[in-house]
Amino acid sequence: MIKSRYPLIFENAFCSHPAECAYPDVLIIGSGIGLASVPYLRREIKSKLGASLRIVVVDAGPLDIPTHLGNTPFPRLPILAAGTERIGGKLSLWGLSTPRPPERMLSLWPYSKDDLGRRFNFVEEKLGVLDPIPMSGRGLELCLLDLLQNEFPMYRTRVAPLAINRYGHRYSPLDDLPELKQLGVQFLARFHCEHLEMADCTVSAVSGQWLDGQSYTLFPKIIVLAVGIEPSLPLLRQVCCDSLPLEASDHIRIDLHGSLPRGSFGSKQADELGVAVLLMECSSREHQIPFHLEIKVAPRSLWARGFMVGADNLRGAGDDETLWVQIQAIAAMHDRFPVMDLLNIGGKISPVMLPRDIFFHAEIGDLMHRVASVIGLNPPVFTIRPLLTNHHTYGALRVGQAVSSKFQFHGVNNLYVLPPTSFVAVDDDANPALKSLVLSQYAMDSIVSQFGKSTSGLAGATTLEQGQ
Ligand SMILES: Cc1cc2nc3c(=O)[nH]c(=O)nc-3n(C[C@H](O)[C@H](O)[C@H](O)COP(=O)(O)OP(=O)(O)OC[C@H]3O[C@@H](n4cnc5c(N)ncnc54)[C@H](O)[C@@H]3O)c2cc1C
């Protein structure tokens with residue numbers, strides 16, 4: 001057996017050498033949504049095939065964080081600034097906001113409503129979305145729910161769905177890594193995939209560079225591409241004869257914040273007030289474009305990592321009983337990114353929008369301002385996150401166009417491109433992670449059925465004995 005030569009202790013414990021991963025049944029490239037999909041894939045393989053498949057997960061980044069960063073006392077922002085290329089991808093430090101798309105959008109998805117409902121429930125349960133977060137359900141939450149429901153009866157306001165369980169544990173696909181390793185899944189860190197070799201409408205080999213600077217080639221039966229939109233493009237262009245039909249979307253993201261003096265919600269102590277993280281579901285006046293406000297209020301002393309999601313967005317000294325308020329708007333956009341644009345940004349997606357989305361900012365900002373006033377914050381300050389910088393880009397490829405409803409890339413027999421890079425042809429305001437985990441299950445089901453078909457040429461799952 002070839003000895004691993006990784007520089008980090010987790011990598012030596014969990015990761016393989018490229019030569020040990022040369023012949024996977026399923027090669028998953030990218031370990032955000034890609035890794036998060038493996039427990040479901042394994043479960044389906046076991047129940048439908050009764051065998052095991054050799055699954056290899058590769059990532060260009062290191063294995064340097066073993067859990068969501070919010071489960072540790074280490075600061076998130078400097079690590080985020082250093083980049084998101086690592087095992088776990090962006091899901092090692094994501095914001096955990098997990099709203100479902102509005103019902104009227106979901107009804108346009110090309111899957112049965114009941115089936116989708118079951119899948120959303122399954123994923124939400126795994127992520128801890130159904131649990132209340134620690135310190136919630138107390139004075140502030142009850143008071144703000146009442147206030148906002150009365151002042152804004154036209155919008156539904158409720159407790160925000162978050163991938164944090166009742167013990168305060170933040171979900172990340174890294175949670176499953178030790179068990180998956182025990183079950184025989186192989187991990188290859190610091191392997192940057194660079195080339196997809198095509199033969200007869202099939203990707204016959206994937207080559208890339210490992211940390212030793214050498215090139216290695218892997219020969220998988222099935223390839224699952226899950227590297228995010230921009231890193232996907234150079235790989236997909238190698239297997240696409242025509243130009244790629246790009247349909248990428250983003251969200252409008254506006255934040256507002258400020259602080260209120262102690263006693264603004266009565267004379268209760270901080271632990272009686274608790275924390276409030278609420279979701280207000282809204283839509284634009286003219287075209288009913290969906291957007292939502294995530295409204296977070298807590299005493300400064302509780303605005304700490306253990307209690308508030310994304311708490312490191314605000315900082316400051318002062319009275320512990322001061323209340324900090326943050327409202328974050330996420331909106332669907334009227335228009336996707338244009339395929340052609342004059343802005344000179346070197347062949348990448350151009351972060352531009354049409355007039356109606358610029359005007360939409362004012363409508364969202366106006367509602368945010370009114371909500372802040374009702375809470376007592378006057379005047380708040382706003383920040384606008386530029387397009388493509390909020391990590392929410394999705395849908396470069398669309399179901400029914402470049403990919404099938406199973407996320408199989410058209411014209412290539414053994415290539416799947418996972419959400420959010422591929423997406424249904426319906427845009428909405430829900431953050432991408434929950435939806436992507438649900439949609440990826442359709443790809444995993446299709447992979448299992450490809451191995452199950454005796455005529456497909458993929459039959460003959462490798463039986464792995466390790467940990468079965
Ligand atoms: C700070 C932050 C907050 C967020 N908050 C939320 C939120 O609250 N709710 C929500 O729904 N979403 C949120 N997101 C977005 C969410 O994390 C992403 O939508 C999701 O992680 C996308 O998954 P992905 O697998 O496509 O990409 P990633 O998570 O980026 O994973 C892709 C992986 O592919 C690897 N890779 C790239 N190129 C190659 C290559 N050539 N070879 C091998 N590996 C490669 C990368 O190293 C990376 O690990 C947030 C993201 C960030 C960064």
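Nothing here was measured: the structure is a model prediction, and the numbers come from that model.

1. Digging into the domain arrangement of the protein
Domain annotation of the protein identifies domain 1 (9-97 + 171-247 + 393-452) and domain 2 (131-162 + 253-331 + 353-385). Centre-to-centre, using C-alpha coordinates, domain 1 lies 34 Å away from domain 2. Across the boundary between the two partners, domain 1 contributes 14 residues, which contact 13 residues of domain 2. Of the roughly 950 Å² buried where domain 1 meets domain 2, counting both sides, 44% is carbon and sulfur surface.

2. Re the environment of Lys48
Tracing the chain through its elements places Lys48 in helix H3 (residues 38-49). Since its relative accessible area comes to 56%, Lys48 is described here as exposed. Taking the C-alpha atoms as reference points, Lys48 and Phe451, separated by 403 residues in sequence, lie 9.8 Å from one another. There is a polar contact of 2.5 Å between the side chain of Lys48 and the side chain of Glu44.

3. A short note on the sheet that holds strand S1 (residues 26-29)
Strands in a sheet are paired, the pairing made by backbone hydrogen bonds, and the direction either parallel or antiparallel. Read across the open sheet, the five strands follow the order S4-S2-S1-S8-S15; overall the sheet is parallel. In the strand order of this sheet, the two ends are held by strand S4 (186-188) and strand S15 (415-417), each with one partner. Averaged over all adjacent pairs, the angle separating strand axes in this sheet is 20°, with direction ignored. Both strand S8 (residues 222-225) and S15 contribute to a ladder of three bridges, which runs parallel. Bridge pairing in S15 places Val224 opposite Tyr416. Docked against the sheet, H3 engages S1 and strand S2 (55-58), running at close to 170° with respect to S2.

Rules of the game
- Residues numbered from 1 in each chain as written.
- Predicted model: local features only at pLDDT ≥ 70, side-chain atom pairs only at ≥ 80, totals over all residues.
- Heavy atoms only, no water.
- Domains from an automatic or database assignment.
- Contact = heavy atoms within 4.5 Å.
- Buried area = accessible area lost by both parts, 1.4 Å probe.
- Helix = DSSP H or I, 4+ residues; strand = E, 2+ residues; numbered from the N terminus.
- Buried < 20%, exposed > 50% of the residue type's maximum accessible area, 1.4 Å probe, protein only.
- Polar contact = N/O pair within 3.5 Å; in protein donor to acceptor, adjacent residues only side chain to side chain.
- Pairing = 2+ DSSP bridges.
- Axes fitted to C-alpha atoms, helices over the stretch in contact; angles between N-to-C directions.

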